[in-house]
Amino acid sequence: MFDYLLTDQQKALKKEAREFVKTIPRQMILDMDADKIRFPKEFLQEAGRRNLMGCRYPEKWGGRGMDWVSTCMVMEEIGILGYIFACTFGVGAELVCDAVILHGTDAQKEKYVKPLLRGEMFAAECLTEPRGGSDFFGTTTTAVDKGDHFILNGQKRFIVGGEGADYFLVYAKTDPDAEPRNGISCFIVDRTDGVETQYLYGLMGCRGGGAARMVFKDVKVPKENLLGEPNQGVKVFNTMMIPERLGTAAMTIGAAVPAVDIATGYTSKRKAFGQPVAQFQGVSFQVAEAVTLLDASRSMIYTTARAVDEKIHDKQIRRMVSESKKFVTESCQKAVHNAMQVMGGIGYTNIYPVERIFRDLRLASIWTGTNEVMAMIIANEWYKAYWKDKSAGKIRDMEPDAEEALAAEEKIFE
Ligand SMILES: Cc1cc2nc3c(=O)[nH]c(=O)nc-3n(C[C@H](O)[C@H](O)[C@H](O)COP(=O)(O)OP(=O)(O)OC[C@H]3O[C@@H](n4cnc5c(N)ncnc54)[C@H](O)[C@@H]3O)c2cc1C
């Protein structure tokens, strides 16, 4: 639908991603959902061989020198296979590598980005702890400076790729006396002595991605594996929120598409009261709503991606990315809900993949920052922007545009 916005290079990349998606065997999707596959290495290896991961990074580090619009497009296409395929694709290539590309040394990019984008290495992001995920600054994992290395201790929870990853991006407190903003550092931690995958979670959906609790016990992390400046992990965290949330939103669209497609085909063929159910407005209007929500989501994603590419004002991007994550994930969940509803009982069975997609997409509004946290950021940025513009007199004062606007005694605020 939005192909007219794409360049020829982007269209060609989209075609490549679609061709790749077609090659993934149905059995792999079923085995992931049945937890028979614990981490989809073969899928990532093939994505790497095809150079589909990290297309926005410079060619020098294994990318294609493209942009965020291209990344969102690829994430949407990969999502069609299932949300967990896009999760594992995104966490390593689009999240962890993003942090290394933006904050890492050339040696770190050489060692950790290039092999990952070739599909020869896998990575996980370790932010959430058993004591909580929303409060990033409350981290209790510690890393103590021992001269040429740090000693890392702590636990991280729900880590996609906990099973399967070769290295981990870990946030830990390095200055316990400082304000949290100035006391957390970010590390690249190899799977080495003291790094243990302790618990694989039984999930409602999104299975097969190796989501685990990770324990780090007296892990020796070389100094050269500090990512960015010491005690300034927040700077890495802030930039990572873009791929976390924008990427999540883009892939959610792709993951919802098959449900709406299947429902469209089904309702065109399925008859009730002697006619295809799609001829009942109660049915076709639900499909229309689902399609509208998907298209509105795309509009939002590609506008936000463009804003990130253009590097417009930081605060505005923060709000746009959070709005995109919240709006798109909730819209896609609603689209899948409608798809299941119009299929009647069969939509609730495993005869069609709609029930799996429904289970998978429940995660979308929980991970990479819950949608409540997104609302908190949106509200925060919106109120600040409103008062800033207002006091600068940037917009017409619309309050007097009412008949009784001068009734000051009626304007009571306390
Ligand atoms: C399948 C799966 C995969 C995941 N993958 C990863 C991963 O790879 N790496 C990683 O680091 N994490 C991962 N996560 C963790 C995920 O990001 C967190 O679960 C999420 O951020 C919420 O943290 P929490 O579960 O600790 O909930 P809590 O922080 O305990 O929140 C509980 C509830 O309180 C609400 N809440 C909290 N604070 C506020 C507030 N200030 N205002 C309003 N409401 C609030 C939340 O919205 C939520 O509804 C994954 C989770 C799952 C389920």
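Residues numbered from 1 in each chain as written. Predicted model: local features only at pLDDT ≥ 70, side-chain atom pairs only at ≥ 80, totals over all residues.

Here we look at the domain arrangement of the protein chain
Partitioning the protein chain into structural domains gives domain 1 (3-122), domain 2 (126-231) and domain 3 (234-387). Put simply, the middle of domain 1 and the middle of domain 2, counted by C-alpha atoms, are 23 Å apart. On the domain 2 side, the residues contacting the 24 residues of domain 1 number 17 residues. Residue composition of the side of domain 1 that touches domain 2, grouped by class: 15 nonpolar, 5 polar and 4 charged. (Domains from an automatic or database assignment. Contact = placed C-beta atoms within 7 Å. Nonpolar A, V, L, I, M, F, W, Y, C, P; charged D, E, K, R; others polar.)

Some points on the nonpolar core
The biggest cluster of nonpolar side chains holds 114 residues, and the ones touching the most others in it are Phe187, Val189 and Ala256. Counting residues per element, this core draws most heavily on helix H7 (residues 233-269), which supplies 15 residues. (Core = buried A, V, L, I, M, F, W, Y, C linked by C-beta atoms within 7 Å. Buried ≥ 20, exposed ≤ 12 C-beta atoms within 10 Å, placed from the backbone. Helix = DSSP H or I, 4+ residues; strand = E, 2+ residues; numbered from the N terminus.)

What about the packing of helix H8 (residues 281-309) against helix H9 (residues 314-342)?
A packed helix pair is summarised by two numbers, namely the angle formed by the two axes and the spacing between the axes. Interaxial distance between H8 and H9 falls to 9 Å at its minimum, and their mutual angle equals 160°. Regarding the angle of H8 to H9, the classification is roughly antiparallel. When you trace H8 past H9, the crossing you get is left-handed. In terms of residue class, the contact of H8 with H9 is built from 19 nonpolar, 7 polar and 2 charged. (Axes fitted to C-alpha atoms, helices over the stretch in contact; angles between N-to-C directions. Parallel < 35°, antiparallel > 145°, perpendicular 65-115°, else oblique. Left-handed = near helix turned anticlockwise from the far one by under 90°.)

Brief notes about helix H5 (residues 83-103)
For H5, with 21 residues, the first-to-last C-alpha span of 28 Å sits near the 30 Å given by 1.5 Å per residue. Along its length, H5 shows its largest kink, about 45°, at Gly90. With 19 of its 21 residues buried, H5 lies for the most part within the structure. (Expected span 1.5 Å × (residues − 1). Bend = angle between axes of the 7 residues up to and from the residue.)

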